Every structure is written in C-alpha cells, then in structure tokens.
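One-letter residues, chain by chain:
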Amino acid sequence: MPALISRMGKRLRRLIERPASIELTQYEALLPTIEELETEVEKLTDAELTERAGKLRSAGGFGETELVEVCALGREAARRALGERTFDVQLLGTMGLLAGHVVQMETGEGKTMAGALAAAGYALQGKRVHVISVNDYLARRDAEWMGPVYRLLGVSVGWVEPSLTRDERREAYAAEVTYGAVSEIGFDVLRDRLVTRVEDIVQPAPEVAIVDEADSVLVDEARVPLVMAGSVDAGVADFEVANVVRRLRPGLHYETDSDGRNAWLTSAGSSVVEKALGGIDLYDDSGSDRLAAVNVALHAHALLTRDVDYLVRDGKVQLINASRGRVAELQRWPDGLQAAVEAKEQLPATDRGEILDSITVQALLARYPQVAGMTGTAVAVAEQLREFYKLEVAVIPPNTPNVREDLPDRIFASPSHKLRAIQTEIRKVHETGRPILVGTQDVAESEELAEKLAKVDLPCVVLNARNDAEEAAIIAEAGAYAAVTVSTQMAGRGTDIRLGGADGKDRERVVELGGLHVIGTARYPSSRLDGQLRGRSGRQGDPGSAVFFASLNDELVLSNAPDVPDGIEADDETGEITDQVAQRHINHAQRVAEGVDLEIHRNTWRYTRLIEHQRRELLDHRDKLLCTELAAETLEKASPERYAELAETLDREKLVEVCREIMLYHLDDLWSDHLAFLTDVRESIHLRALARETPLDEFHRTAIPAFHKIRTEIEERSVKTLKKAEITAESADLAASGVRRATSTWTYLVHDNPFDSDFEQTLKQVRSLLSRKKG
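The rules behind each value
- Residues numbered from 1 in each chain as written.
- Predicted model: local features only at pLDDT ≥ 70, side-chain atom pairs only at ≥ 80, totals over all residues.
- Heavy atoms only, no water.
- Buried < 20%, exposed > 50% of the residue type's maximum accessible area, 1.4 Å probe, protein only.
- Helix = DSSP H or I, 4+ residues; strand = E, 2+ residues; numbered from the N terminus.
- Pairing = 2+ DSSP bridges.
- Phe/Tyr/Trp six-rings, centres within 6.5 Å; stacked < 30°, edge-to-face > 60°.
- Lys NZ or Arg CZ within 6 Å of the ring centre and 35° of its normal.
- Core = buried A, V, L, I, M, F, W, Y, C linked by side-chain atoms within 4.5 Å.
- Contact = heavy atoms within 4.5 Å.
- Axes fitted to C-alpha atoms, helices over the stretch in contact; angles between N-to-C directions.
- Parallel < 35°, antiparallel > 145°, perpendicular 65-115°, else oblique.
- Left-handed = near helix turned anticlockwise from the far one by under 90°.
- Nonpolar A, V, L, I, M, F, W, Y, C, P; charged D, E, K, R; others polar.
- Patch = residues over 30% accessible without salt bridge, like charges linked within 9 Å, V, L, I, M, F, W, Y side chains within 5 Å.
- Areas by Shrake-Rupley, 256 points an atom, 1.4 Å probe, with all protein chains shown as cover.
- Salt bridge = Lys/Arg side-chain N within 4 Å of Asp/Glu carboxyl O.
- Lys, Arg positive; Asp, Glu negative; His and termini not counted.
- Charge placed at Lys NZ, Arg CZ, Asp CG, Glu CD.
- Polar contact = N/O pair within 3.5 Å; in protein donor to acceptor, adjacent residues only side chain to side chain.
- pLDDT = per-residue confidence, 0-100.

Draft legend 1. Expanded view of the pairing of strand β2 (residues 129-133). Counted residue by residue, β2 has five buried out of five residues, so it is predominantly covered. Side chains Val 129, Val 131 and Ser 133 of β2 all project onto a buried face; the interleaved residues His 130 and Ile 132 project onto the opposite face, where all are buried too. One ladder, built from four bridges, connects β2 with strand β5 (residues 208-212); its direction is parallel. Bridge pairing links Ile 132 to Val 211 in β5.

Below is the structure:
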C-alpha cells in the first residue's frame, strides 16, 4: 500500500507541476535490473565489454532487454573511461532520448553523458547519429570528452567545425556519431546541395538527431535561416543617406512603435530628408529607390543599438545573438540592412551576395527521421515542441533534490533605483565571501555595471560577446570564494559552476556560506531564460539562491505592457515597490513577449512550409540528375540533332558529364532566382491586406505557379546552352555560354522577419500615408 500511494503521489506531482510530461514509470521500472546487471558487467575486460556491446548490433531493434543492456554497458564504460558512475537519473535521460523525447534535466545533472549513451545506443542499432550543439566549442569539447566512452562501446565518433577541410568533414560524418553546431551541420547540407559530382558530397543521409539545448535550437533559432551565398559584387554603403538619417530627431522627424519593431518618418521628417537629398520627392516614382534606402537606414539608426544588437570589432559589424549573449560569428542581416548598419558606423560595406540556397533550422531538423533533445527548460515550450516537431517532453527528476532558494523579485520604480539596489545587494553578499553571478541583458549593461562596481572597489570578471572565447575558464571559476562574475545570457554556456572554483579547493567554505548567489538585473523576454540563469545555482543539491531585480521602466515592460496600472506606490527613499500588482504586470509583460515570439515562429513556419515542400521536390529531381544519366537522356530527347552531333566527337562518359553539369547549373540558378522572387513577394505581400486579402493565401497563389515553371525552364535553358556551347573532345567551354558558377561562396545566418509581421508592416504603410496626407 505505501508503494502504491508513493507511485500515485509521483503521478499527481507530475500532473500538477510538469504539464506535457511523459510518464517515466516504464523507465524507472528498469533501473533495478540495470543495477543487477552492473555486477556482471564489472567483471568484463575492456575487450569483452566492447564485444558485448557489439552484439547489440544484431538485435534488430531495442526492446526492454536491449535498453537494459546498453544502459548497464554504458554506465560501466563511463566509470572506466572517465571515473564517473552514471546516476540513475542520467540513465532515465538516456532512455527518454532513445524513446525519441525531449528530456528536461536540470543544470549540472549530466545531460552530456545521458546524450552520449543515447547516441551510442542509436549507433548500436545501426543508425547514424548527429549530436547537434549550439556552438562549435561545445561540439568539439563533448566529442573529445565522451570519446573514450564511445571507444569502449565500439562506436566511432567525430566532430565538425569551421576549420575542417572537405575531406576532414567527410571523415567526421563517416563516424557513427558526429557532433556539430547546428549552423555548421546546416551549412554542410547547403554545400552538398550545390555539388556537381557525387564524390564531393560530405554528409550521408541523416537518420537521428540528438539536440543539445533543445529549446534554444528548436525554438529560439527556429526562424533563423542559414544561407549559402555566392559573390556578386561589393556592397554599397549609402553614407549620404546614413548621415542625413543620423541628424533626425525621434518624436519630431520619426516615430517608433512601443515594441521597437517599426520606425517611420513623420511629415516633418520626410520634408527634411527630401531637402537634404537634393529636393527629391520620396513618394513618387523618381524617389522610390531613395525611399527604400532611407527606410532601411532609419531602421539601422532607430532600432538597432551598438553593444546591444551588434558590436563593432576589427573594423566589422558583428551581430550579437540575443538569446545567448555571444557574437554570432556568421550571422548578418539581409544585405540592405547590413549595409545600412555598416554605413551608420562609417564602415565599408561587405561583399553583397546572391542567395544560392537557404534552410531554416526547423527545416534542417525535419530532414531527420528521428529527433530527440535535451535541455534544462523544456516544459515552458512543451506546446511548441509538440506543435512544430511532434515531440513530447520527459521531465527527469534531479539526482539530489534542489535546495536553491528562489527569492521573490525585487521591483523598483525606475532603472536608476534598481541599479543602486543591485550594487547594494552585490556589496552585501560579497562581504560574506559568497560567490556571485550577475546576469545582465546585453553587452552594454554588463560593461556599465562592471564600471560602476570598479568605482566602489568591487572588482568583477565580465563575460560577454567581446570575450566569449574565454567563457569556459571564466564560468569554471564563477563559484570560487568571493568571486563576482558579470555575464550576459547564460543559455548554452555549457560549463558547470562548481562551488569553490574549478579545482573545488574552497568548496566546503563556500557551501557553509550558502553557495552561489545569482542576481538577474532584469527579467528576460522569456521565462526559460530566467530559469536558465537561476539554474546556474543549486547544482547537484548544492546550496544557493537566486533573485531577480526589475523595474516598471525596464525594456521588457515598455515594449510589451507600457500601460502600467494606476495606484502603484514606491518607497520614497529606495524606490522599491512591494505591491503585488507590479509583480503581476511584469509577469504579464513577459507573457506578451513570449506570445510575440511564438507568433513570429508560426509566421515563419507558415511561409517556409511551402518553400520547403518546393525545395524537397526540386532536390529529388537534382539528386536524379546528379546520380544517374537522366540529364543526358533528357537532352538527347529534347535536342536529338545536337546530341547526336556531340556523340561523334565525345565518349559517352564525357557527354553524360557535360549534360549533367549544364542541367545542374540551370536548376541551381533557377532555384536561386525563385528564392529571390519569393523574398520580393513576401516583402510586398502585406499590401494585399489593404484589399482585404489574406497575405499567406496570396503568397501561395503567387509562389505555386512560379515554381511549376521551373522544371520546364531548366530543360529549355539547358537545350539552348547545349546548342551554343563550344564542346570538343578536348574541352567544353561552358562558361562562355553562361554556365558560370560563383567564384566564391560563403555562409551566414540572417534574422527572418527581423522587425515586424505582415500586419504590422501594413499598419506602418498606412501610418506613413496618413502622415504624408496630413502634411
């Protein structure tokens, strides 16, 4: 009876505390059997352990017996290779991953090991596994760290990173388990889509993806397209327009909406700009080109802030990933906005590229027949994981109960009151010797706080996008006695904070003092990011505490819920607010922000779903052209005279190669044109709303007929090229007939829909027209 009551209690807690959680009872029931097998497995030699793992390859699938076996062998391999006995909760995580779920495990609970054992389990089923990380550093670290465990289980492992050559990448992907950053794996997919020889493909067909920091990759990054571009010409930075816009004043010459997604000229602003640009009329046909340049320059000036949205480093504009607080090395805005920001900062424009292909993170993951993931904060996005990926969440309990004290938010009337209170809090806690981790919103705030602390003799270590290469060392020491660490977003940092520092020498001293104290300088736009910061304290049952400071004038509130309820009073001296109405209002602002992000995700998904369907259809055709003699057969049928003429002079293999290169070129070129066309359609489709038409429906009506013309046009263009190209047994001068691929290519990420939705775009246009008429 007590056991029954205990099980019912567990289920009740899961229902109450963990919505959308997979029931773990079936996995928990296997733990005693795994432990019983442990004694037997311990007696095996290394060679015998490897051999026994190898026998799982012939199992033909994983039932309970095989699941128990792989967990027991994995636990023993980890003990021998790394000196760590895997906890039961880590094995629960492994089993959840092998069942194809997203497992939620708290920070410090050993997700890396759980993921490695699951990857080995999939590999022993004969499946090729990609362990997808948020950055290159973590991919290499985890592959090297877990390498000895894989080797004992007889599983090969590799990793990909930007510095690898094509041959090195092919070797890494040939391993049974390959680690890589989501961007790096995605870029390899795009590169493979442009090859003209089968032997140049580096990535085999995908089978299983295990996604680390799954909420960050699957939700936060889902709307970020990865882009393959080919060189066209140097970009043009419009310094004249940038200098004009720089002189405009907010409220007089331009206005912005409350959430910072739109900016538009007032009537007075239009007049000033038109006069400064030589008396042009921005709103007639002769000024339309300048109007586009002015609008994008205004976005760069009014909506993008240096040291918040981007850095200027080494003479280049580098975007900051808002959800991680790091420089997004390969990320850029669409070319017009990128050039506008470069002009704003008086920097030369970077090369302008023609988009050859692109893929969203969501579409990249859809290529895998099986996807699983792990993160510390999955429940908060459980509905999105189900809606967009058909994934369910399994919440793994901590190995040791979490005893961290999560203090209520401290709320202030203004940011200045809040900042003073934060400094006081840091001083008070620092005087006890407890280590402190301060989470800030952006680079500018982290450096401003560090400067203020230095002035009052409170030195700290700063971790932000300027020094993110040193993050592992900085984070490892954040738990040292009396350490004060100021950091931007902690998501995906991937390094545990051990009390007492990396070597743990002062662990007991720090434990007695109360452990790591976490301070958030403001609530983040997502409750998950709040949770990720809090989760840095209280690792593996360690003591700790966390508190967030907030203001009714924080960006979160001003952008998402600016109408603060009346009657909220603050302390005259400190500016602190204890009224629970203020707390509820801040919570509301955060929910609004989360709703906006979800709608952008849905909006991106709605548009890209059709594009991905078209891409898959065309890629199937491309694969047939690449891997068979279809190109030669098609051109022989379409142009029999020219084909026969060439077949006197060329051997069959050479002729097939020429036909393949011609058709692949035109397919790739037409797909690039189609993407550019769809971009133009989407950017203008919001105007359809003025005629009471649904923008998405209109997008489909335009995109589908355009796509259906591509296959016919590929053939028509290829026939023309075949007829006019100078082709001999010695050479085939295809470039002279226009078959000329980009001289160089590069990859980068862009923000999809960086400012607004279609509806907001429409409102902006209406506001601009009304402002113009009033003037």
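Draft legend 2. Quick peek at the packing of aromatic side chains. Applying the stated criterion across every chain, the model contains four aromatic pairs. Their ring planes at 70° and their centres at 5.7 Å tell us that Phe 388 and Trp 605 sit as a pair that is edge-to-face. A residue pair is termed long-range when its members are at least 10 positions apart, and Phe 388 in helix α17 (residues 382-389) and Trp 605 in helix α24 (residues 580-627) qualify at 217 residues. The exposure class assigned to Phe 388 is buried, which follows from its relative accessible area of 10%. Measuring from centroid to centroid gives 6.1 Å for Phe 412 and Phe 549, while their planes differ by 10°, and the two rings are stacked. Placement of Phe 412 in strand β16 (residues 410-412) and of Phe 549 in strand β21 (residues 544-551) is noted, with a sequence separation of 137 residues between them. Here Phe 412 and Phe 549 have matching classes, each one buried. Positioned above the aromatic ring of Tyr 481 is the side chain of Arg 509, whose terminal nitrogen or guanidinium carbon lies 3.5 Å from the ring centre.

Draft legend 3. Structural context of the nonpolar core. If you look at the biggest cluster of nonpolar residues, it comprises 56 residues, and the most contacted ones within it are Met 95, Tyr 150, Leu 153, Val 177, Tyr 179 and Ile 210. Top element by residues in this core is helix α7 (residues 111-124). It accounts for ten residues. Not counting residues up to four positions away in its chain, the partners in contact with Leu 153 are Leu 49, Thr 50, Ala 53, Leu 73, Gly 74, Ala 77, Leu 117, Ala 120 and Leu 124. Counting 45 residues, the second largest nonpolar core, distinct from the first, contains Val 182, Phe 187, Leu 194 and Val 211.

Draft legend 4. Here's a closer look at the packing of helix α4 (residues 46-54) against helix α5 (residues 64-82). As a packed pair, α4 and α5 sit with axes 11 Å apart at the nearest point and diverge in direction by 150°. One way to sum up the angle between α4 and α5 is to call them roughly antiparallel. Remark: the crossing between α4 and α5 carries left-handed chirality. The segment α4 lies against α5, with Asp 46, Leu 49, Arg 52 and Ala 53 engaging Glu 69, Leu 73, Glu 76, Ala 77 and Arg 80. A class-by-class count of the residues in the contact of α4 with α5 yields four nonpolar, no polar and five charged.

Draft legend 5. Molecular detail of unusual backbone geometry. In this structure, Asp 314 is a non-glycine residue whose phi angle is positive, near 55°. By the element assignment, Asp 314 lies in the loop between β9 (310-313) and β10 (316-321). Its identity as a non-glycine residue notwithstanding, Lys 390 has a phi of 55°, on the positive side. With respect to the helices, strands and loops of the structure, Lys 390 is situated in the loop between α17 and β14 (393-395).

Draft legend 6. Just the environment of Val 592, in detail. Along the chain, the position of Val 592 falls in helix α24. Sequence separation of Val 592 and Pro 525 is 67 residues, and the distance between their C-alpha atoms is 8.7 Å.

Draft legend 7. Region of interest: the environment of Leu 437. Positionally, Leu 437 belongs in strand β17 (residues 436-439). By relative accessible area, which is 0% here, Leu 437 ends up buried. In the structure, Leu 437 is positioned 46 residues away from Ala 483 in sequence and 8.2 Å away in space, judged by C-alpha atoms.

Draft legend 8. Here's a closer look at the sheet that holds strand β4 (residues 177-181). A sheet is described by the order of its strands in space; here seven strands give the open sequence β3-β4-β2-β5-β13-β1-β14, paired in parallel fashion. Whereas interior strands pair on both sides, the edge strands pair on one side only; in this sheet they are β3 (157-159) and β14. Ignoring strand direction, the axes of neighbouring strands in this sheet form an average angle of 20°. Pairing analysis gives three bridges linking β3 to β4, with the strands arranged parallel. If you follow Val 157 over to β4, its bridge partner there is Val 177. Against the sheet, helix α8 (residues 136-152) engages β2, β3, β4 and β5, with an angle of about 160° to β4. Along the sheet, helix α10 (residues 182-192) makes contact with β2 and β4, crossing β4 at roughly 105°.

Draft legend 9. Looking closely at a negative patch on the surface. A contiguous patch of negative charge on the surface is contributed by Glu 569, Asp 571, Asp 572 and Glu 573. Mapped onto the secondary structure, Asp 571 falls in the loop between α23 (555-560) and β22 (576-577). Note on Asp 571: relative accessible area 40%, which makes it partly exposed.

Draft legend 10. Up close: the side chain of Thr 375. Of note, Thr 375 is situated in strand β13 (residues 370-375). Given a relative accessible area of 1%, Thr 375 falls into the buried group. A polar atom in the side chain of Thr 375 sits 2.7 Å from the side chain of Asp 215. Discounting residues that sit within four places of it in the chain, Thr 375 has contacts with Val 102, Val 103, Gln 104, Met 105, Lys 111, Glu 213, Ala 214 and Asp 215.

Draft legend 11. Seen up close, the pattern of salt bridges. Considering all chains together, one arrives at 45 salt bridges under this definition. As a salt-bridge pair, Arg 141 and Asp 142 come within 2.7 Å of each other at their nearest N and O atoms. In this pair, the class of Arg 141 matches that of Asp 142, namely buried. Glu 240 serves as the salt-bridge partner of Arg 290, at 3.4 Å between the closest nitrogen and oxygen. Of this pair, Arg 290 sits in helix α14 (residues 288-303) while Glu 240 sits in helix α12 (residues 239-246), and the two are 50 residues apart along the sequence. Overall, Arg 290 belongs to the partly exposed group, its relative accessible area being 24%. One network of salt bridges, with partners in common, ties together Glu 38, Arg 75, Arg 85 and Asp 88.

Draft legend 12. Region of interest: the packing of α7 against α8. Put simply, α7 and α8 touch, their axes get as near as 10 Å, and they point 55° apart. Looking at the two axes, α7 sits oblique to α8. Once α7 is placed against α8, the crossing between them reads as right-handed. Across the interface between the two elements, Thr 112, Met 113, Gly 115, Ala 116, Leu 117, Ala 119 and Ala 120 of α7 pack against Arg 141, Asp 142, Trp 145, Met 146, Val 149 and Tyr 150 of α8. Counted by class, the contact of α7 with α8 contains nine nonpolar, two polar and two charged residues.

Draft legend 13. Examining the pairing of strand β19 (residues 484-487) more closely. Of the two faces of β19, the one lined by Val 484 and Val 486 and the one lined by Thr 485 and Ser 487 are each fully buried. Direction of pairing for β17 relative to β19: parallel, over a ladder of four bridges. Bridged to Leu 437 within β19 is Thr 485. Pairing analysis gives three bridges linking strand β18 (residues 461-463) to β19, with the strands arranged parallel. Within β19, the position partnered with Leu 463 by the bridge is Ser 487.

Draft legend 14. Structural detail: the confidence of the model for the chain. Residue-level pLDDT values for the chain average 87, and 88% of them are 70 or greater. When pLDDT is averaged over each helix and strand of the chain, the minimum, 43, is found for helix α30 (residues 758-774) and the maximum, 98, for β3. Low pLDDT, under 50, characterises residues 12-19; the predicted model gives this stretch eight contacts beyond four residues in sequence or across chains. In this model, residues 753-775 is a region of pLDDT below 50 whose contacts with residues beyond four sequence positions or in other chains number 43 contacts.

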